[in-house]
Amino acid sequence: MGANRAVWTVVLAAGVMALAGCSDKGGAGGVNADRIIAADSTPGDWISHGRTYSEQRFSPLEKINTSNVQDLGLAWSFELPENRGIEATPLVTGGVMYTTSAWSIVRAFDAKTGKLLWTYDPKVPRSTGVKACCDSVNRGVALWEGRVFVGTLDGRLEALDAKSGRLVWSKVTVDQTKPYTITGAPRVVKGKVLIGNGGAELGVRGYLSAYDAKTGEMAWRFYTVPGKKESDGSASDEAMKKARPTWNGEFWKVGAGGTVWDSMAYDPDLDLLYIGVGNGSPWNRDIRSPGGGDNLFLSSIVALRPSTGEYVWHYQTTPGETWDYTATQHIVLADITVGGKPRKVLMQAPKNGFFYVLDRTDGKLISAQKYVASVNWASHIDPVSGRPVESPGARYEKALHLSNPGPLGAHNWHPMAFSPKTGLVYIPAQEIPFPYMQPGGDKANFKYRPQGWNVGIDFLVAGLPDDEAQLKAIRASLKGRLIAWDPVSQTEKWSVDYSGPWNGGVLATAGGLVFQGNATGEFSAYDAGSGKKLWGFDTQTGVVAPSMTYEIDGEQYVALMAGWGGGFAVSAGAGVDPRSEGPRRLLVFKVGGKEKLPARPVSKKEFMDLPPSSATPQQIATGTAVFAANCGVCHGAGAVSEFSIPDLRYSPTITDAAIFKSIVIDGDRSELGMVSFKSLMNESEAEAVRHYLLDLARRQKAKQVAALGLASKD
Ligand code: CA
């Protein structure tokens, strides 16, 4: 008897110790393949970028639903000091939230109270910003066995300890002398951390790498496009034998492109990893691959074996890509019934404006239709060949072509959501037409420029006019919509119109709700079945990120990283709604939440006293062209920057030739991100840019003064 009791005591003690040792099993320490595959059995957590490997961004939580969403209020918030685009999806497990901000900064919070637990700043040199096409954004972290993984803007993959935020290992995943950047969230499959990169606007060769989560050793690398050499000694060598004959000329010179900068999904049953591949580098195929060719695997969805990186199949959405029509957009996996048959599908709404439903077992096209009616580069996708039927002139080889979509896409990175309950895909769609033209009207004018954008088109024709009436017409042509799309019938079920493009990513829930923030700062909940608006909240900033949801102690929360930024925000200048600019915050909501945000700060821009003009018309014309080719992608088309990057029309630096030169040519502000542009313009061209900006400010100030004069007479 006594002996038996002693045995039981030992067993019980061992059990308690085992529990103590695994106390983080429900937290980041327990995140592994089994837990991500079985994510639906712990619906209160959100442990992978798209919640599940299928990346549906659908939560089974339903405590917040159509009957009580009206009472949703702020539970807590955190003011982000990084004054740039905010694109991350927070992850939550074990009561802790892990998320990222601009410049790849990682933070952990108590997800119930909002208490900041730790911050990890990878100290990305701000001069990296000039390599990023689309702002210094980051889309979030991955979790695996007690570690937090982040890709940094300057190309590192880093593993942090989930409890302390301490750096465990760091690997440089790119050639940092080249314009590579990382903005995407890593995913972890079978113990391998997967990370791609961006940079195809400036000129790089794209690839995806897999690193061992424990040690940080690289397991494999898959290049998406061929290089100069026949072999890289990489997982992609065999696939490149297939891809190389689809290219012409010295395509490797600028880099060829094909960056894997955002989407991935994984099917554990088929053991297939799906990656979305980006645009060509340069965009213009006529320059990149003279004489044509499909240029595999640009703008493709490629299926790989996650253990080895071995190629399995691909589907190319835009053969011979020439418009920046990436297929890096969100990939969603679902099991749906098509034509009475259960199908394992992969769905994507890439930039090119067609919604694709593929059989994800073999990559065969099931159906493809325009999800935005104004698409004009192709009439339809041929169902037999799976290829687009292009419109005459769309390739702008001989003449300018006004295309819809433009390079910002009919849908960009902003994630969609798929609700298995409604069977609908919710797409943050947009219309931003764009005039494509050969550089200066002739492809012979293309010259590779290190550090510059090397897209091989004419940016001057895409510049925005100064005339208010023309601008108004252009603004009116920019559209944004939330579309509820039936992937079976390939038709729209309902949609919500916004005042412009570049609205936030989407979340769908079992509570019958669809959440989306928009460019003018409203975060809304819609009825997933009808599109009826049920709730709205003024975030005080344009929203681009998707929201996510989690549950702690029986209470459901909705979290949103609110903060304007990204490609359209930085480049579109006067096309951006002034209401978009505002404070960046992490906002967390619950039913009955009572917290309030401080009043929205008022920003007031006033023109300075401007010196009289000493410039020649030729100088101003030169300055206009040099600005459009080099500066507008960050400081805004037409030098309008409703953004944290300085609006140069109001900058005192333009009134002083010596200071302007010290910044633009000598790089005096490179630690702030404004590197020297002397490889891209000489001193007299920089001075011409200054005169262009002064002239612009002078003319706009005169108009403003005249308008005020009229107003005061009323
Ligand atoms: Ca691109």
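Relevant structure appears above.
Everything quoted here is computed from the prediction, not taken from an experiment. (Residues numbered from 1 in each chain as written. Predicted model: local features only at pLDDT ≥ 70, side-chain atom pairs only at ≥ 80, totals over all residues. Heavy atoms only, no water.)

Colleague: I tried to follow the nonpolar core on my own but got confused; where do I start?
Modeller: Side chains of nonpolar character tend, in soluble globular proteins, to be buried together. Ranked by internal contacts, the top residues of the largest apolar core, which has 94 residues, are Met97, Tyr98, Phe515 and Tyr550. Ranked by the residues each element gives to this core, the list is headed by strand E38 (residues 555–562), at six residues. Counting residues in each nonpolar core, the second largest holds 52 residues, with Trp313, Val338, Leu365 and Ala410 among its members. (Core = buried A, V, L, I, M, F, W, Y, C linked by side-chain atoms within 4.5 Å. Buried < 20%, exposed > 50% of the residue type's maximum accessible area, 1.4 Å probe, protein only. Helix = DSSP H or I, 4+ residues; strand = E, 2+ residues; numbered from the N terminus.)

Colleague: Mind showing me how you'd approach a nonpolar patch on the surface here?
Modeller: Residues Leu400, Leu402 and Val461 make up a contiguous nonpolar surface patch of about 240 Å² in total accessible area. The residue Leu402 is located in strand E27 (residues 401–403) in this model. The exposure class assigned to Leu402 is exposed, which follows from its relative accessible area of 51%. (Patch = residues over 30% accessible without salt bridge, like charges linked within 9 Å, V, L, I, M, F, W, Y side chains within 5 Å. Areas by Shrake-Rupley, 256 points an atom, 1.4 Å probe, with all protein chains shown as cover. Salt bridge = Lys/Arg side-chain N within 4 Å of Asp/Glu carboxyl O.)

Colleague: So what exactly am I meant to see when it comes to the packing of aromatic side chains here?
Modeller: The description of an aromatic ring pair uses the distance of the two centres, along with the angle that the planes make with each other. Within the structure shown, the criterion is met by 37 aromatic pairs. Taken together, a centroid distance of 5.7 Å and an interplanar angle of 45° make the contact between Tyr274 and Trp313 tilted. On the criterion of sequence distance, the pair formed by Tyr274 in strand E17 (residues 272–276) and Trp313 in strand E20 (residues 311–316) is long-range, its members being 39 residues apart. Note on accessibility: Tyr274 and Trp313 belong to one class, buried. Taken together, a centroid distance of 5.5 Å and an interplanar angle of 85° make the contact between Phe523 and Trp535 edge-to-face. Here Trp535 lies in strand E36 (residues 533–538) and Phe523 lies in strand E35 (residues 522–527), a separation of 12 residues in the sequence. Judged on exposure class, the residue Phe523 and its partner Trp535 are both buried. Every member of this aromatic cluster is reached through a ring pair, and the members are Trp283, Tyr396, Phe434, Tyr436, Trp453 and Phe459. (Phe/Tyr/Trp six-rings, centres within 6.5 Å; stacked < 30°, edge-to-face > 60°.)

Take it as geometry only, folks, not as evidence of what the structure does.
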